[in-house]
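Geometric and topological summary
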Amino acid sequence: LKLRLQKKKKKKKKNICKASMKERKREGKRNRERASKREREREREREREREREREREREREREREREREHKIKREKDHKRKRERERKREIERKREREREREREREREKG
């Protein structure tokens, strides 16, 4: 009894002719090739998507840079304008002062 339990069952060999074996082998190979081709295509698509994303990011960066430069330029222009205004105001005050001096001179003279 023990011997019978210990003895391994012999696997029944499937009777498949060589032609169908070859056909199966070829089919498997074709499937693997198709799968790897699909995988390569997917990888290329992912790479293209990453490249597009990088390009969009660069474009956003350029846009931010332009905005920043524009802001700086506006601030400089504003500063210059205020400075000009201030100088004009000082000049007006001096002119008024001179006028007053002339009036005084006329009144004395």
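That block above? That's the structure.
What counts and what doesn't
- Residues numbered from 1 in each chain as written.
- Predicted model: local features only at pLDDT ≥ 70, side-chain atom pairs only at ≥ 80, totals over all residues.
- Heavy atoms only, no water.
- Helix = DSSP H or I, 4+ residues; strand = E, 2+ residues; numbered from the N terminus.
- Buried < 20%, exposed > 50% of the residue type's maximum accessible area, 1.4 Å probe, protein only.
- Polar contact = N/O pair within 3.5 Å; in protein donor to acceptor, adjacent residues only side chain to side chain.
- Patch = residues over 30% accessible without salt bridge, like charges linked within 9 Å, V, L, I, M, F, W, Y side chains within 5 Å.
- Areas by Shrake-Rupley, 256 points an atom, 1.4 Å probe, with all protein chains shown as cover.
- Salt bridge = Lys/Arg side-chain N within 4 Å of Asp/Glu carboxyl O.
- Lys, Arg positive; Asp, Glu negative; His and termini not counted.
- Charge placed at Lys NZ, Arg CZ, Asp CG, Glu CD.

We now examine the environment of Glu57. If you trace the backbone, Glu57 turns up in helix α2 (residues 18-108). Among the residues examined, Glu57 registers a relative accessible area of 35% and is labelled partly exposed. At 2.8 Å, the side chain of Glu57 and the side chain of Arg60 are in polar contact.

We now examine a positive patch on the surface. Taken together, the side chains of Lys18, Lys22, Lys25, Lys29 and Arg32 present a region of like positive charge at the surface. With respect to the secondary-structure elements, Lys18 resides in helix α2. Of the residues examined, Lys18 reaches a relative accessible area of 72% and is grouped as exposed.

Our next topic: the pattern of salt bridges. For the coordinates displayed, the defined rule picks out 40 salt bridges. Arg62 is the partner of Glu55 in a salt bridge, and the nearest nitrogen-oxygen pair spans 3.2 Å. Notably, a salt bridge pairs Glu57 with Arg60, separated by 2.8 Å at the nearest N-O pair. Here Glu57 and its partner Arg60 are both found in helix α2, 3 residues apart, which amounts to about one turn of the helix.

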